[in-house]
Amino acid sequence: MASDWITTRAADFIDFNPRLRIKKGSVATKISMNKLRPFTKRIPAAEQANFSGGSKFSNGDTIMARITPCLENGKTAFVDILAPDEIAFGSTEFIVMRAKSGVSDPQFVYYLATSPAFRSVAIQSMVGSSGRQRVQQSVLNELKLTVPPLREQRKIGAFLAGLDQKIDVNYKISKNLEQQAKLLVKSWLVDYEPFGGVMPDDWEPISLASIADFIPGYSYKRAQLQPSNVAMATIKNFDRDGGFKLDGFKPLVPSSKIKPCHYVEKFDTVVALTDLTQKADVIGNAEPIISLAGYDSIVFSLDLVKVVPKSAKISKFILAAILQSPGFKSHCMGYVNGTTVLHLSKKALPDYILNLPADTTVLKPLDNALQALYEGMANAVEESRKLRELRDSLLPRFLSGEIDLSAVEL
């Protein structure tokens, strides 16, 4: 650490919950807590809503959850999606952090807030009833920070922001490829565009059960959830807004009761059989395993079912795209039961009907295109995973001064 670093109170380095004004009843941009993605800088979505109260912020501010379990889950984001001088609002459970002019850099403040040292103090300061504990602002105000000069803060912030920018680009690439896959399947199997918009005579309605097998998952014991090079996929991997979350994997110590069929390979597809969300956001969703997230192997749990082709006539890629279609999700919704916990009937998957040709070799162009798209998604996701690992390993080293960027031109 260089001699020009200083130790200061957090409240003298960061402007917590700055005073901003939005007229009550006026329409403004709203960023909800449930829109933030764990350990993701980018804010994925916002909405327009009538302002009646809540935290207020503008571009350059960092918003961090102050309530359990959102803080522990990494809900901290950097605001950069607003118009110039626009003021937005969000949950009362956000702590807003703003850089002080001439003292701190906005990007550096964000990365400081996501650092293990800062987060641990915030988490340990929580008080309140079980399930509703909140960060004590007074503890954060008095937190002692050792920080570099503003010029070096900007270099650290810019370097880490470059990694996050590439992660964001990869996310957009992956989502674009996913959308292309869905449109391609619709073109071939719903609109029959390669065949003049009319279903060919040799195509016929068949059940999903005639082309796929449904393999139930593994019933694990809580004691098995320990550090391991094997992980388990559960409904925690399913994002309620769609997509597969790698941070949902749970390390699992394998037992002799795990059978070979309980493992998933890359590009196998799993479907969610249960759901704790109020709007059935997850149940019936299908997600291909496009990354093992650095683990040697993945087991899937009993709240999922693995769907695999019966034969080589239908590939994993075509099957994945079929299961990710809106028609399949809509079909599954008619087989959901339960109240607090939703369950998908065992009949849902076998009963699904789709039209396919008797000679599936005519689908080879579709298969080839889908394979390229899913492999592209996998490459983008894997690169982002490695970039996150790099960012997370560099962050504490930058903040401790172990890595000196003062002489580096960025």
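Residues numbered from 1 in each chain as written. Predicted model: local features only at pLDDT ≥ 70, side-chain atom pairs only at ≥ 80, totals over all residues. Heavy atoms only, no water.

1. Regarding the overall build of the chain
Thought 1: Broken down by element type, the chain carries nine helices and 23 strands.
Thought 2: Judged by the C-alpha coordinates and their principal axes, the chain covers about 75 × 55 × 50 Å.
Thought 3: Looking at the 410 residues of the chain, the share that counts as buried comes to 48%.
Thought 4: Counting only carbon and sulfur atoms, one obtains 53% of the accessible surface of the chain, whose full area is about 19600 Å².
Thought 5: Of note, the chain has its 50 positive side-chain charges centred 7 Å away from the centre of its 43 negative side-chain charges. (Helix = DSSP H or I, 4+ residues; strand = E, 2+ residues; numbered from the N terminus. Buried < 20%, exposed > 50% of the residue type's maximum accessible area, 1.4 Å probe, protein only. Areas by Shrake-Rupley, 256 points an atom, 1.4 Å probe, with all protein chains shown as cover. Lys, Arg positive; Asp, Glu negative; His and termini not counted. Charge placed at Lys NZ, Arg CZ, Asp CG, Glu CD.)

2. Some thoughts on the sheet that holds strand 21 (residues 336-337)
Thought 1: Read across the open sheet, the three strands follow the order 17-22-21; overall the sheet is antiparallel. One side of each edge strand has no neighbouring strand; the edge strands of this open sheet are strand 17 (274-275) and strand 21.
Thought 2: As defined by bridge partners, strand 17 adjoins strand 22 (residues 342-344) across two bridges and the pair is classed as antiparallel. When the bridges of strand 22 are listed, Asp 275 appears paired with Leu 342. (Pairing = 2+ DSSP bridges.)

3. Some remarks on the nonpolar core
Thought 1: Among the nonpolar cores identified, the biggest contains 51 residues, and Ile 63, Met 97 and Phe 118 are the most heavily contacted of them.
Thought 2: It is helix 2 (residues 106-114) that provides the largest number of residues to this core, a total of six residues.
Thought 3: Contact partners of Met 97, with chain neighbours within four places excluded, come to Ile 14, Asp 15, Phe 16, Asp 61, Thr 62, Met 64, Val 109, Ala 113 and Phe 118.
Thought 4: If you look at the next biggest cluster of nonpolar residues, it comprises 44 residues, including Ile 206, Leu 319, Leu 323 and Leu 363. (Core = buried A, V, L, I, M, F, W, Y, C linked by side-chain atoms within 4.5 Å. Contact = heavy atoms within 4.5 Å.)

4. Thoughts on the pairing of strand 20 (residues 304-309)
Thought 1: Within strand 20, five of the six residues are buried, leaving the element largely enclosed by the surrounding structure.
Thought 2: Summarising the sheet, strand 12 (residues 212-216) and strand 20 pair through five bridges and their orientation is antiparallel. Residue pairing across strands places Ala 212 opposite Pro 309, the latter belonging to strand 20.
Thought 3: As paired elements, strand 16 (residues 269-272) and strand 20 share four bridges and run antiparallel to each other. Of the residues in strand 20, the one forming a bridge with Thr 269 is Val 307.

5. Let's talk about the pattern of salt bridges
Thought 1: Considering all chains together, one arrives at 23 salt bridges under this definition.
Thought 2: Among the salt bridges present, the one from Arg 391 reaches Asp 164, with a minimum N-O distance of 2.7 Å. Taken together, the residues Arg 391 in helix 9 (residues 364-400) and Asp 164 in helix 5 (residues 150-189) connect sequence positions 227 residues apart.
Thought 3: Arg 391 sits in the buried class, given a relative accessible area of 8%. (Salt bridge = Lys/Arg side-chain N within 4 Å of Asp/Glu carboxyl O.)

6. Focus on a negative patch on the surface
Thought 1: A surface patch of negative charge is lined by Asp 201, Asp 202, Glu 204 and Asp 359.
Thought 2: Within the fold, Asp 201 resides in the loop between helix 5 and strand 11 (203-207).
Thought 3: Assessed through its relative accessible area of 83%, Asp 201 is described here as exposed. (Patch = residues over 30% accessible without salt bridge, like charges linked within 9 Å, V, L, I, M, F, W, Y side chains within 5 Å.)

7. Topic: the packing of helix 6 (residues 316-323) against helix 9
Thought 1: Between helix 6 and helix 9, the least distance of the axes is 8 Å, while the angle of their chain directions is 80 degrees. Taken together, the axes of helix 6 and helix 9 lie roughly perpendicular to each other. Counting all contacts with helix 6, which are made through Phe 317, Ile 318, Ala 320 and Ala 321, the residues of helix 9 involved are Leu 366, Asp 367, Leu 370, Gln 371 and Tyr 374.
Thought 2: Here the contact of helix 6 with helix 9 is composed, by residue class, of seven nonpolar, one polar and one charged. (Axes fitted to C-alpha atoms, helices over the stretch in contact; angles between N-to-C directions. Parallel < 35°, antiparallel > 145°, perpendicular 65-115°, else oblique. Nonpolar A, V, L, I, M, F, W, Y, C, P; charged D, E, K, R; others polar.)

8. Notes on the packing of aromatic side chains
Thought 1: Enumeration according to the criterion identifies 15 aromatic pairs in this entry.
Thought 2: Between Phe 13 and Phe 108, the aromatic rings sit 6.0 Å apart at their centres with planes inclined by 80 degrees, giving edge-to-face as the arrangement. A residue pair is termed long-range when its members are at least 10 positions apart, and Phe 13 in helix 1 (residues 10-13) and Phe 108 in helix 2 qualify at 95 residues.
Thought 3: Measuring from ring centre to ring centre gives 6.0 Å for Phe 238 and Phe 244, while their planes differ by 70 degrees; the resulting arrangement is edge-to-face. Like Phe 238, the residue Phe 244 is buried in the burial classification.
Thought 4: One aromatic cluster is present, built from ring pairs that chain together Trp 188, Tyr 192, Phe 195 and Trp 203.
Thought 5: The ring of Phe 78 is capped by Lys 41, whose NZ or CZ atom sits 5.0 Å from the centre of that ring. (Phe/Tyr/Trp six-rings, centres within 6.5 Å; stacked < 30°, edge-to-face > 60°. Lys NZ or Arg CZ within 6 Å of the ring centre and 35° of its normal.)

9. A short note on the environment of Ile 43
Thought 1: In this fold, Ile 43 is placed in the loop between strand 3 (27-31) and strand 4 (47-50).
Thought 2: Among the residues examined, Ile 43 registers a relative accessible area of 4% and is labelled buried.
Thought 3: Residues Ile 43 and Phe 300, 257 residues apart in the sequence, show an inter-C-alpha distance of 30 Å.
Thought 4: Setting aside chain neighbours within four positions, we find Ile 43 in contact with Ile 31, Leu 36, Ile 63, Ala 77, Phe 78, Val 79 and Ile 81.

10. Structural notes on helix 6
Thought 1: With respect to burial, helix 6 is a largely interior element, seven of its eight residues being buried.
Thought 2: Taken as a whole, helix 6 has its buried residues at Phe 317, Ile 318, Leu 319, Ala 320, Ala 321, Ile 322 and Leu 323.

11. Quick word on the sheet that holds strand 9 (residues 94-99)
Thought 1: Strand order in the open sheet formed by four strands is 2-9-6-7, with antiparallel pairing between adjacent strands. What marks the edges here is a single partner per strand, and that holds for strand 2 (14-16) and strand 7 (76-78). Going from strand to strand, the sheet's axes swing by 25 degrees on average, the running direction of each strand aside.

12. Here we look at the packing of helix 5 against helix 9
Thought 1: Close contact between helix 5 and helix 9 brings their axes to 9 Å; oriented N to C, the two are set at 165 degrees. It follows that helix 5 is roughly antiparallel to helix 9 by the angle criterion. With respect to the hand of their crossing, helix 5 and helix 9 are arranged in left-handed fashion.
Thought 2: Of the residues in the contact of helix 5 with helix 9, the class split is 26 nonpolar, five polar and six charged. (Left-handed = near helix turned anticlockwise from the far one by under 90°.)

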